[in-house]
Amino acid sequence: MSSSNISNEALNIFRKGLAQFITFDENEWTEFISYLNYKTVEKKDHFSVKDKVCDDIGFIINGSVRYYHIKDGTEITGYFSFENEFVSSYKSYLTQQPCTGYIQALDKTALIIISSKNMDLMLKNPLLAYKMERFGRLVAEYYICCYEDRITSFITKTPEERYLIMLQTEPEIMQRVPQHYIANFLGITPVSLSRIRKRTLVFA
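A. Region of the structure containing the packing of aromatic side chains. Scanning the model with the defined rule gives 16 aromatic pairs in all. Ring centres 6.1 Å apart and planes at 85° place the aromatic pair Phe21 and Tyr142 in the edge-to-face group. Here Phe21 is found in the loop between helix H1 (8-18) and helix H2 (26-33), whereas its partner Tyr142 is found in helix H5 (residues 129-156), with 121 residues between them in sequence. Its relative accessible area of 37% is what places Tyr142 among the partly exposed residues. Between Phe24 and Phe32, the aromatic rings sit 4.5 Å apart at their centres with planes inclined by 20°, giving stacked as the arrangement. The buried category is assigned to Phe24, whose relative accessible area is 10%. One aromatic cluster in this structure is built from Phe14, Phe21, Phe24, Trp29, Phe32, Phe59, Phe86, Phe135 and Tyr142. Across from the ring centre of Tyr68, 4.0 Å away, lies the NZ or CZ of Arg66, which sits over that ring. When the ring centre of Phe154 is taken as reference, the NZ or CZ atom of Arg162 above it lies at 4.0 Å.

B. Highlighting a nonpolar patch on the surface. There is a patch of nonpolar side chains on the surface, built from Tyr147, Ile151 and Ile155 and spanning about 360 Å² of accessible area. Classification of Tyr147 as exposed rests on a relative accessible area of 58%.

C. Inspection of the pairing of strand S5 (residues 74-81) at higher detail. Bridge count between strand S4 (residues 65-71) and S5: seven bridges; the pairing is antiparallel. Bridge pairing in S5 links His69 to Ile76. Between the antiparallel neighbours S4 and S5 lie two residues, among them Asp72 with a positive phi of about 50°.

Basis of the calculations
- Residues numbered from 1 in each chain as written.
- Predicted model: local features only at pLDDT ≥ 70, side-chain atom pairs only at ≥ 80, totals over all residues.
- Heavy atoms only, no water.
- Phe/Tyr/Trp six-rings, centres within 6.5 Å; stacked < 30°, edge-to-face > 60°.
- Helix = DSSP H or I, 4+ residues; strand = E, 2+ residues; numbered from the N terminus.
- Buried < 20%, exposed > 50% of the residue type's maximum accessible area, 1.4 Å probe, protein only.
- Lys NZ or Arg CZ within 6 Å of the ring centre and 35° of its normal.
- Patch = residues over 30% accessible without salt bridge, like charges linked within 9 Å, V, L, I, M, F, W, Y side chains within 5 Å.
- Areas by Shrake-Rupley, 256 points an atom, 1.4 Å probe, with all protein chains shown as cover.
- Salt bridge = Lys/Arg side-chain N within 4 Å of Asp/Glu carboxyl O.
- Pairing = 2+ DSSP bridges.

Right under this line is the structure:
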């Protein structure tokens, strides 16, 4: 589905979301949106899967996804993304090597897509090359910072501390994500999460 099928509302949401990384003048924007596509992923379907190359980076217009791996037959949830956030198996997208994990829609999710093919074309486009190089660098830096924060949290914080931080910084997770996925994300069992929630109810 080409950019001609993307609503103006979705494009405006995307443009605002991009502004934390790059901005476009009107000529650049008109050229840029010609490289975009629109995609809907149904609930429980996958945006990307293990052992296949992730060819897209998406921006969530509405919906949510979870990132997970499977170890010894058990799913291990690593992260979530919601509206106005980018989603991709970014290493696979950049290197064109197969994914090591999965990205699954938690509910019906609508995304604006930049394919790796179209990204390459924009990097060769004199009008867009500089902006897209900057975009790629800043998104990579964003992913690295998120990853470092996640690792640091697991090393330095208890599950209860991580839970309280999540309540303060990402309350939508508690409202929109099933409890067993949240527990898995925190590295604890659903029973342990229930106990933490009861103990910290005053903070919620």
